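Residue strings, one per chain:
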Amino acid sequence: MLLFLKRLLGKDEILPCLQTGDCPYEYDCDSDRDVEGMPFIEGDERSCPDYGHICPKFMEDFGLTVEDLNIRAVIHCGDVMKELVKSGEEDPEAIECKILMEEYEKLINTYPQESYPQYY
């Protein structure tokens with residue numbers, strides 16, 4: 001029904017999760033399009049109802065590639081992890097934290113913000 005209404009209104013850019021009930025970009029699905037790498041645009045109809053990021057289905061609309069999404073996702077998650085460690089919500093000695101932060105440090109050194117603002 002929702003799909004029919006969207007098409008009737010001329011909105012053919014429907015979120016995949018609204019069509020199927022499941023997100024094809026969930027981490028469990030092994031998608032190469034990482035939702036964490038997509039931008040936030042408040043009020044955009046392409047926004048994920050669960051994560052708030054624009055749905056990865058629309059990465060090409062932003063000129064992003066799968067590699068861009070992966071870089072942006074690690075930088076985004078690394079920034080979030082730094083805040084969680086600072087607030088005491090995450091253990092900096094946890095293996096998951098260490099792995100993420102190693103990758104994060106590697107990427108922010110490879111792609112510094114002043115030279116690669118598109119990743120931040």
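Along each chain, residue indices are assigned from 1 in the same order as the chain's sequence is written. Per-residue local features of the predicted model are confined to residues with pLDDT of at least 70, and side-chain atom pairs are confined, for both listing and counting, to 80 or more; whole-chain, interface and lining totals are unaffected and use all residues. As a rule here, side-chain values come from all non-hydrogen atoms in the structure, and water together with hydrogens is ignored.

**A few points about the nonpolar core**
We define the nonpolar core as a collection of buried residues of types Ala, Val, Leu, Ile, Met, Phe, Trp, Tyr and Cys that are connected through side-chain atoms lying within 4.5 Å of one another. Between buried and exposed lies partly exposed: a residue is buried under 20% and exposed over 50% of the maximum accessible area for its type, with that area taken using a 1.4 Å probe on protein chains only. Formed by I71, V74, I75, M81, C97, L100, M101, Y104, L107, Y111 and Y119, the largest nonpolar core amounts to 11 residues. Numbering of helices and strands runs from the N terminus; a helix is a DSSP stretch of H or I covering at least four residues, while a strand is a stretch of E covering at least two. Contributing elements (two or more residues each) for this core: α3 (66–86) and α4 (95–110). Counting residues per element, this core draws most heavily on α4, at five residues. Residues in contact with L100, not counting those within four places in the same chain, are V74, C77, G78 and M81. Counting 10 residues, the second-largest nonpolar core is a separate cluster that includes C23, I54, M59 and L64. Throughout, a residue-residue contact means that at least one pair of heavy atoms, one from each residue, lies within 4.5 Å.

**Considering the packing of aromatic side chains**
Pairs were defined over the aromatic rings of Phe, Tyr and Trp, the Trp ring being its six-membered one, requiring ring centres within 6.5 Å. Orientation was assigned from the angle between planes: stacked under 30 degrees, edge-to-face over 60, tilted for the rest. Under the definition given, this model contains three aromatic pairs. Where Y111 meets Y116, the ring centres are 4.9 Å apart and the plane angle is 90°; that geometry is what we call edge-to-face. By relative accessible area, which is 30% here, Y116 ends up partly exposed. Between Y111 and Y119 the ring centres are 5.1 Å apart and the planes differ by 75°, which places this aromatic pair in the edge-to-face class. Each member of the pair Y111 and Y119 is classed as buried. Taken together, Y111, Y116 and Y119 form an aromatic cluster joined through their ring pairs.

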